[in-house]
Each structure stands twice: as C-alpha cells, then as structure tokens.
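So the chains spell out like this:
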Amino acid sequence: MEVPIRATGLLGFTFFSLLFFVCTSSPLHSLFISNAERRIDATSHIVKVYLTLKVENAGSTPTSEVLLAFPPTQVDHLATVEVLVTKGKRKKTTLVRLDVKPTELPDAPDGAKYFTIFLANPLNSGESTTLEVLYLFTHSLEPFPAEIGQSESQLVHYRDSALILSPYHIKQQTSFIKTPSRKVESFTRVEPTNHAGTEIKYGPYEDRPPYSFSPILIHFENNSPFPVVEELVREVEISHWGNLQVTEQYTLVHGGARHKGVFSRVDFQSRPTLSGASSLRHLLARLPPRVHSVYYRDEIGNISSSHLRTDSRKSELEIEPRYPLFGGWKATFVIGYGLPLQDFLFESSDDRRYLNFTFGCPLLETVVDKLTVKVVLPEGSKDPSAVVPFPVDQHLETKYSYLDVVGRTVVVMEKKNLVPVQNSHFQVYYTFKPIFMLAEPLMLASAFFLFFVACVAYLHIDLSIRK
Amino acid sequence: MAAVANMPVSDLLKSFKLKTKQQELLIRVSILCLVYILAFITRLFSVLRYESMIHEFDPYFNYRTTLYLTQNGFYDFWNWFDYESWYPLGRIVGGTLYPGLMVTAALIYRILHFLRFAVHIREVCVLTAPFFASNTTLVAYFFGKEIWDTGAGLVAAILIAVCPGYISRSVAGSYDNEGVAIFALLFTFYLFVKAINTGSLAWSLASAFGYFYMVSAWGGYVFIINLIPLYVLVLLITGRYSMRLYVAYNCMYVLGMLLAMQIRFVGFQHVQSGEHMAAMGVFFLMQVFYFLDWVKHMLSDTKLFQAFLRITVTCAVAVGSIALGLGMLSGYISPWTGRFYSLLDPTYAKDHIPIIASVSEHQPTAWSSFMFDFHILLFLFPAGLYFCFKRLSDATIFIVMYGLTSMYFAGVMVRLILVATPAVCLISAIAVSATVKNLTVLLRSKNKGVQTGSTKGSSSSKASSKALLDQSQPFQKNGAIALLFGAFYLLSKYATHCTWVTSEAYSSPSIVLAARGAHGSRVIFDDYREAYFWLRQNTPPDAKVMSWWDYGYQITAMGNRTVIVDNNTWNNTHIATVGRAMSSYEDEAIEIMRSLDVDYVLVVFGGVTGYSSDDINKFLWMVRIGGGVFPVIKEPDYLVNGEYRVDKGAAPKMLNCLMYKLCYYRFGEMLTEYGKPPGYDRARGVEIGNKDIKLEHLEEAFTTSNWIVRIYKVKPPNNRW
C-alpha cells in the first residue's frame, strides 16, 4: 500500500521558481561582488565552505535575488547550502537565515548549477549587502593512494577552483584552505599562493570576470576516519501509552582509503598513533534527553562495547563497532531506544496530534547516503501528513506489530546525501481517537475470559460417549 | 448493623468452602502450575546474565536451518542443498537432519505471528528448550501418576523441573535436538505405558505418533526402539504376556515404523539397519507367541501342544536366523554403526574412531559428574528401585528397565546422562513419595488415636488412655517427624544445589566468555562474534574458510561464509584432510589448501587470555584424525618422550607445523603477563618455543581484540612472469 502524499508547499515552490526565472535574467549583470572571502575547512571528511560575499547592485532596478553557481562535479556532492545575513547595526547584530532554492538557468556555461538566494529586503541600486554562505560537500576528498597499509597515513586529493565560480564580476577575492595537519604533499599554485602552517591561501585576486575558473588540486594528509552511513533506516513508533520507540538500522562503512594487506593486532595495540591512524574506533551518537532502554546490537547479537552518558539536556551514546573499521570495511548494527512520549507528541490547534522529531542521523560527523525515516502511527490513526523542511520522497506503508488487526499506518520519508547539520525537526500530523488505546487490552482480556469460560464449560460438560 | 453485615460474609465463606477432594485438586493444579513456571524460569539464567542468544555449536546450525525454514517454506527446506558447508562436497541438509526441532520452532513462530505476536524467530528458538522442559514436567507428572500415584507424579514433576542433568541441555539458548527430544522420549514412554496398562488402541496409536515425533527430533530414538522390545521380551519371559501387551506393542511398532520411515534421514534404515532389528525380531516373536497361544487354546491335548511348540519354535528360530544371516551377508541389513558399538563397548571408539572419541561429551562419565547432575537422586534411585520391586506391575517393570539401561548408557557417555535423567527422577520420586507417604500415614493415624482419646473423656482419662497406647509410638512419632525433616532438608539441599549448578555451570553461552577483572568487575570476551562478524562483513561472499570442524556451524551461521568441514562430521576423510593441512609444514599445507580453494584460515588461540579450549589444546586430535587417514602424519613426531609441549623443548615438527605458526604468529613480541618474558602462553603457562615465525603463503587478515580468534588470508600464487 503506497499512497503518495504531497509535501506541503512543494507545488508552491515550483511555481515560485518558475516565476522567478523570468525576472532573473535582467539583474544578472547589474550585480557585482565587491569582496569575497572563502574559507574551506577540509579537516574532516565533510568539507565545510564558509563564503562571505559582499554584493553590490550597480544597476538601476532593485533586485531581491542573488545567484550562487557551482560546477556540476561539486553539485553532486553538495549536501546543504545555508545563507545568513547580518541585520542590525554595530553590537546589536543578529543573523537571519535566507531562503535558498536550486535553480536552472538555460544558458549556464559548462553545465554549471545554480542556487538562488532570496533576499529579505530588495537591494536597491547602489546598495550593498553582506551574505554569509555555508555549504557542505560530502565524498569530496578522494583518497590517493586509494589503498593504504595499516601503518601508512591517509592522503587525500581535494579539487576545487582557486577562483570562486560566480555569475557575477568579482572585484576582490581570497580563498583559504585549512588542512588537518601541516603535511601537504603538493598543491597547485595560482599566484599569489601562500602555504603557512595548516592553511593554504589563494589570492587576493582582483577583478575577475564572471565564470572565471582555475582548477586546483591539493594533496594532503587527512587521518580522520571517514564514517559513511550507506543506509540508515530510522523507525519511530508511537505508543499512546507513553512511549516513543526509536530503532535505527545502520550500514556503516569507512569511506577513506581502502585497507590493503595485513591487519596486525600487535601493531594496532602497541602503537595506536602510528598504526591504523585513520581507522574508525568509536562513534558518538547524540540522543535526546531522558532516553531509556538503549540497546546496541547487530544480526548476531548484542555488542557490549558501548557507553551511555545522560544528563538533563542530552544523552550521549558512545559506541564502538565490534572491530576497528579500516578503509573499506563495513559494519551493520542497530541502535534502539525509548523516549518519553510527552517530549515529542503535541496537540495542534485543530485537534490533531503531531510528532515533532529530528530528521537526521544522531551520529556526529557522519555522512548519510540514504536515509529512510518511518513513523509508525498507532493503530486506528487517520489522515497522516508530514511536514519536512526540505524536499523528501514520501509514501505510506502498513505495519503489523503486537496484537494488530488492521495494521499501523507508517509514513515513510526518504532522503539522499545528508549531513549532521541538517538534523532539523519534522512533524507528522494525524488524528487519533483515544478510545482505540483500549482495543488491545480489551482484546487480551476477552481472550482470557473466553479461555476461562471454555475451561469451566469443559469441566461441567460430560463428553464421554458411554453412559 | 455489624451483625447484619457479618451474616452474608460468613455465608459467602461457607459457599466458597471446598470439599476435600476439590481442595486436593486445587492444590495439585496450583503445584503443577508453579512447577511449570519454575521449570521455565530456572532456565533463564543465561538470558538474564548475558542476552537472548543461541549457545554452543550445534544450536547454531539448528538456528540457521530454522531461519531458512521460516523464510523459504517447508518444501525448500526439505530439498535444501547447502553449498555453504563441506566445500566442495556440499550437504543435502533436508536429508541429513532430524527436522523435528526446526519444524516445531517454525510452527510456534507461525502460531505466534498468527496471533499477532511479532516476535523474532531467534526469541522463539532461544525459548523452545525451556518451553519443552516445562511440558516435560507435565508429562513426568502424568507418567508418575501412571506408574505409582499422583503424589509420586507431583514429586517427579518437581524433581525433573530442576534436575541439572536435564537443565544442562535445555537452558534458554541451547537450541538443540535434545531440548524437544527428552520431552518426546518421555511422552512416548508415557503413552506406551498407558497403552499397556489399558490395552487401548487409541493410546498405542498416540504412542506411535509420539515415537514419530521423537524420530523426527533426535537420533536417540534408537534407544526407544531397542528399549521397548527389550521390555516386551522381559514381560514375555516373566510370563506377563497379555492381550494388552500384544495390542500396544504391535500397533506401536507397525505404525511407528511406517511413520518413522517418512523422515528422510531415517528412511529404510528403520527396516534395514542392525540397530532396528531387535524391534522387528520381537515383533515376529509376538506373532509366534500369539499363534502358539491360539493353538494352545484350540488344542486340548498338552502333549500334542508340547510337540507342536518344539517344532514351531525351532522353525521360527531357524527361519529368523537364516533371514538375519542372509540379510547380513547380502548387505541388505547394514551392520551396527560405530556410535552404536561405542555405546555397547566403551573402549571401541578410543581404538577405532578418533573423531567420536575427540568430543568431550562422548567421554565416559566420571563419578563427580553423576554427583553433579543428580545430587541426592543418586541415593534415592536405588531406594526407588526397591519400592518398584516391592510393587511389581507392568508399569514399574518398565520404569525399572528404563532406569537401569539408561544408567548404564549414562556411564558410557557423559551426554547420555540426559537420557537417564527422566528415569532417575521418576524412580527417585517414587522413593520420596512412598517414604513421605508412609511417614505421614504413621503421624496421622497417631493423631487420630489421640483425638479419639480426647473426645472420649476428661483430661484424667486422656492421660490414662495415652498410657494404654503402644509404648513405642511416641518414639515412632518423633522418629517420623525427624525423618520428615530429614527428607525436607535433603530436598531443599537438592533445590539449592540445582539452582547453583544451573547458574554456575550450565548457563554460559560459550560464545561469549566472561571473566572477573582485576577489580572484581566482569570482563566480557566477545571475540568469537567479533571474528565471525568481521568475516560476514569484510570478506567476499563466496570466500571459503578453513577451520577445525568445531567452528564450522558457527562460521556458516554467524559469519555466513562457506566452510570446508563442520560439526556434522559425516565425512571423516574431509576432516582428516583439514587435520593434515593443520599439522603439516606451511609449504605442504598450502598445496592442500589450494586444492580445497581455501581463502581464509581461522584458528582459535587462547594464549593471551588463558582460554584453554583452543586449537593448540585440540591439536593432538587433529594429528590423530589426520593420521588415521593419511599415515604420513604420525603422532610421535609431535611429542617429545610422549609429552605434548609447545615451549623450547617441543618437537621440531610441532614448532613448525601450520597450526603452531598460525596460533603463535607474532606472539613472541607480545607481553601477556607482568613479570613474564614476551611470548608467554597463559593457557599453557609456558614461554613459547618458536618466536620468530615467518609466514610465506599466508598473511594475517584479522585478529580479535583478545587474540582468541585469528584469521589468515591465503595469498594468491606469485606471478610466474
């Protein structure tokens, strides 16, 4: 049973972007960027890029949208884009998040992809504004060599452009790339280039025309493990008796340089810093507070190496896979826990109930390639609808659990390429009559009653044939 | 007001007041319910202390097949050819197992799911044995009731619920054939005794079906099919032949045989193999007996009958022995198997079949383990036999024979203590029940005497009547009370002993090892699962793993990889080949391994943790089994003056054979214990003799965190340019 349900606002969004398209072409050349600074953080396997753009409107008409451009190779790895703008003056500044939507432009050179930033206030001619853009790339550090032995350290390639790809003219720009250690094997020089400590500085470059591109390749050491969850299925089961049961099934892989040859336990135990430096030894999961009955197991049983720390604000579960994960090694496991229902289930104004829960993966510093969130509603609930802050694939399923007759409705949401910053909340609305809560206890009670009645009847009826 | 309120209450009490018979029934049913629950919960130590998991070795195969059965259905299971074991031979699983256990578990699973209990199949498998143990207590009650009285039945139920001899094979997680088979065994016996006592066709039909279930569940059904004919023979000899016996045995044998032949693993063995011939012989003997009885009835002349008897018996014996001889010679009737021989002659396996002798549970039983498993039952058993002989009936003869034969087998093999346990419990229950009953009867009659005395007259006459009573009676009464307390003390000691044994000895899953740490905290060694899970996740799906056969089932079930040999030791040559590879030098072993397409070699090594049942300690069996088939392997090459050692004084062949190298590879660099040189083997308490081990054709692929399991990868052959 798969009934697609439409995410609220999806239609509106397509319409909006279409509308936009028509009116973007003219202000494209009237905007220019007076100053751009880009800081690329390549210390972990999720590459974080902080981009500060000072945008000026040199045209005559006010405009309220700014375009960001990405090369097609990077767009595939792009997990999220966030834009903030500072508001207020001096000390009273606050950061305001702006809407960003992917956009298609017909005359994009070399298949460049665009994101449109919607400014809160239109930028009048001659005005300027400063945008803080944060975007994350996953799977962008390519291990080179692709296979390493146990005692070797992990070297990676990072490819980008020394110049920021932009549909606008950029007057002045600088890029900084931060590497996890001082050990940089090589990097492309686009003068002026400077390498100091753990930072490589490209620029400043002056007056570059739109779509300037200058490919660079940086080869450096990155010994952080690359935990990649290839598939994560989160199942959230609501019980109106007061419990929210969460079950998460992970397929974890170390996405770094593949392990080659021998695994020696002697070396691994006696020289932990030199041997298997990039191996994945433990992971940290941040769970909601007041978590209870936590378990950590896999297909063949419980895994005893985990620790749970709880306080009033959060719970932290530190888990170790059964064996240290070297590059290319896999592990599958399940984490399950219960949560008090009142922390997550609320009643909305229109007499419906809604579940408010985090969407993403609770493991820190982990990329999720494919995430499926299943919300199992109690038996007898109707009209489910989900509100998710980003586009997801949705459908409905039916699940049979303990003592179910008609089955429980399951809202299934799927999303690809997810990073921890996207652990935002989603809501599932549904209607539920509390009388349904009594169905199962009544069923059990009547079953026992019938059993006893049958026993009494059996004892009082003479079934023998002979008299 | 108060009086008015009191009236209905007292009325209510009166109306609730039960008759003595009803009270007795209520007490009996509640005792049985409590015993039922007790038998279940006393087996849950391992679940509470570790987790809900499958234990040991064989249960992993059963679990894997059950999983297959629930996922693919019965017909696929019946026709399953397993490519993952006995590479490259494979195994016809459907035809080489007793499907009773798996079908039972799958059925329970289906029923639970039908009732919408969404349990996992693993939980069902883990709890199957305790569930059947609970059912066994009920059967024991009814059996006891049949052979003695309800009191003996209740005591038998209680004794068997906690008896360590049975618990050892039926704790939660020990998902093995014996778990359901003991239930089936006792149930078949009970139904058969019931059939003999009543002469009813219905009961003997039921016992045939009980036998069918037993055959489907465990190879131990051979015990039933030999004990029952023996029992019938004894009844014939002692002149207890009756129509009841004739009906019960013939119906049970014929139907039971036809049903048993439906099990693929048994098939025509049931009429062709030597182990089943006794039943068939007794069956024909019964017909001759019946025929003679009929003729005797028809002929009034005793002389004529005597002559007829002589001729018939000679003819029958001659025809029978000729048929048997011809069958044996033509090979139509297969001779006894090695396992059967080793039961009759305990020294047989040691000399002829090392693979049977190498299993620790096939060793002859030590006195201590009798004491451990039976405790006071060991003393109550002869007492019970005495009571049985005092009140001989068909039923008591049966239990006596069951007790004596199974006790003999329990002495031959440790694992057969299990078969003896129900008989020992039943006979001991008779002893306990009869003793306690005698004592209480003594006490009660005494009380009655006092009571009647007191009712007769005043306090002065009471004293005089007391004096008139038998002088020895007060002493007898005190003695009875003392004896009752003694019995109570012994039985409570038994209960505490059973609980202690269950919790200490029989509740360890043996997959997960627990030890006490330096600060008294519990340390868990989960190395087996670490290694198996590594195999499952990080090796190619078609990789072949070579290990000693003990770990075969676990590797296929948990590691999901193909193995060369496993615990179903049906092909001795294949196992000997692995044994030969393990005991050869590396360059000889590589040839064997390449010919078997081996990708990984797995060894179990306890030198770091002091885990003593590892491959080095099992190694001599590999040498013996390998040498039994390949005479190039000679046991003396691995010994020094008949002594098995791994230190500097070890035999050179020992120090350089593959097993030694794989276990101790790079162990020489390892400091295991403070104040000891590197390479100190904690399991054997010596410093190893060869610290500089180089591997040429293999490389270390994985070693678990406590070194218990080490996996090596066979390197591909070098390029020849």
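What comes next concerns the included structure. (Residues numbered from 1 in each chain as written. Chains lettered and ligands numbered in written order. Predicted model: local features only at pLDDT ≥ 70, side-chain atom pairs only at ≥ 80, totals over all residues. Heavy atoms only, no water.)

With respect to the interface of chain B and chain A
Next, step 1: Between chain B and chain A, the contact holds 28 residues from the first and 29 residues from the second.
Next, step 2: A combined buried area of about 2,600 Å² lies between chain B and chain A, and 52% of that area is made up of carbon and sulfur atoms.
Next, step 3: For arginine 265 of chain A, the salt bridge is made with glutamate 530 of chain B, and the minimal N-O distance between the two is 3.0 Å.
Next, step 4: In this assembly, chain B and chain A are joined by 17 residue pairs in polar contact (both at pLDDT 80 or more).
Next, step 5: Elements that contribute at least two residues to the side of chain B that touches chain A include exactly helix H26 (527-538) and strand S10 (698-703) of chain B.
Next, step 6: Examining the composition of the side of chain B that touches chain A, we find that 7 residues originate from one element, H26 of chain B, more than from any other.
Next, step 7: Among the residues forming the side of chain B that touches chain A, the class breakdown is 12 nonpolar, 5 polar and 11 charged. (Contact = heavy atoms within 4.5 Å. Buried area = accessible area lost by both parts, 1.4 Å probe. Salt bridge = Lys/Arg side-chain N within 4 Å of Asp/Glu carboxyl O. Polar contact = N/O pair within 3.5 Å; in protein donor to acceptor, adjacent residues only side chain to side chain. Helix = DSSP H or I, 4+ residues; strand = E, 2+ residues; numbered from the N terminus. Nonpolar A, V, L, I, M, F, W, Y, C, P; charged D, E, K, R; others polar.)

Observations concerning unusual backbone geometry
Next, step 1: Following phenylalanine 144 of chain A, the chain continues into proline 145 of chain A via a peptide bond in cis, with omega recorded as 5°.
Next, step 2: Take proline 145 of chain A: it is sitting in the loop between strand S8 (141-143) and strand S9 (147-148).
Next, step 3: The linkage connecting glycine 203 of chain A with the following residue, proline 204 of chain A, adopts the cis geometry, with an omega of 5°.
Next, step 4: Position of proline 204 of chain A among the secondary structure elements: in strand S14 (residues 199-208).
Next, step 5: Of note, the phi angle at arginine 290 of chain A is positive, near 60°, even though the residue is not glycine.
Next, step 6: Topologically, arginine 290 of chain A is positioned in the loop between strand S19 (283-287) and strand S20 (292-298).
Next, step 7: Even without being glycine, aspartate 597 of chain B reaches a positive phi, approximately 60°.
Next, step 8: Looking at the element boundaries, aspartate 597 of chain B is found in the loop between helix H29 (586-595) and strand S7 (600-604).
Next, step 9: What makes aspartate 597 of chain B partly exposed here is its relative accessible area of 38%. (Buried < 20%, exposed > 50% of the residue type's maximum accessible area, 1.4 Å probe, protein only.)

Side note on the environment of leucine 38 of chain B
Residue and element names in this part refer to chain B.
Next, step 1: Structurally, leucine 38 is set in helix H2 (residues 20-41).
Next, step 2: On the accessibility criterion, leucine 38 (34% relative accessible area) is partly exposed.
Next, step 3: For the pair formed by leucine 38 and valine 686, sequence separation is 648 residues and the distance between their alpha carbons is 46 Å.

Concerning the side chain of glutamine 173 of chain A
Residue and element names in this part refer to chain A.
Next, step 1: For glutamine 173, the location among the structural elements is in strand S11 (residues 169-178).
Next, step 2: Owing to a relative accessible area of 1%, glutamine 173 belongs among the buried residues under this scheme.
Next, step 3: Within the local environment of glutamine 173, its side chain forms a polar contact with the backbone nitrogen of isoleucine 164, the two atoms lying 2.8 Å apart.
Next, step 4: Leave out the neighbours within four places in its chain, and glutamine 173 touches Ala36, Ala162, Leu163, Ile164, Gly203, Pro204, Tyr205 and Arg208.

A look at the pattern of salt bridges
Next, step 1: Counted according to the given criterion, the structure contains 52 salt bridges over all chains.
Next, step 2: Two residues, arginine 39 of chain A and glutamate 199 of chain A, come together in a salt bridge whose shortest N-O distance is 3.5 Å. Of this pair, arginine 39 of chain A sits in strand S1 (residues 31-41) while glutamate 199 of chain A sits in strand S14, and the two are 160 residues apart along the sequence.
Next, step 3: Owing to a relative accessible area of 34%, arginine 39 of chain A belongs among the partly exposed residues under this scheme.
Next, step 4: Note that glutamate 146 of chain B is salt-bridged to lysine 194 of chain B, the shortest N-O span being 3.1 Å. Taken as a pair, glutamate 146 of chain B in helix H7 (residues 121-147) and lysine 194 of chain B in helix H10 (residues 177-198) lie far apart in primary sequence, 48 residues in all. Accessibility assignment for this pair places glutamate 146 of chain B and lysine 194 of chain B in one class, buried.
Next, step 5: Several salt bridges converge on common partners, so that one network encompasses Glu235, Glu237, Lys399, Asp404, Arg408 and Glu440 of chain A.

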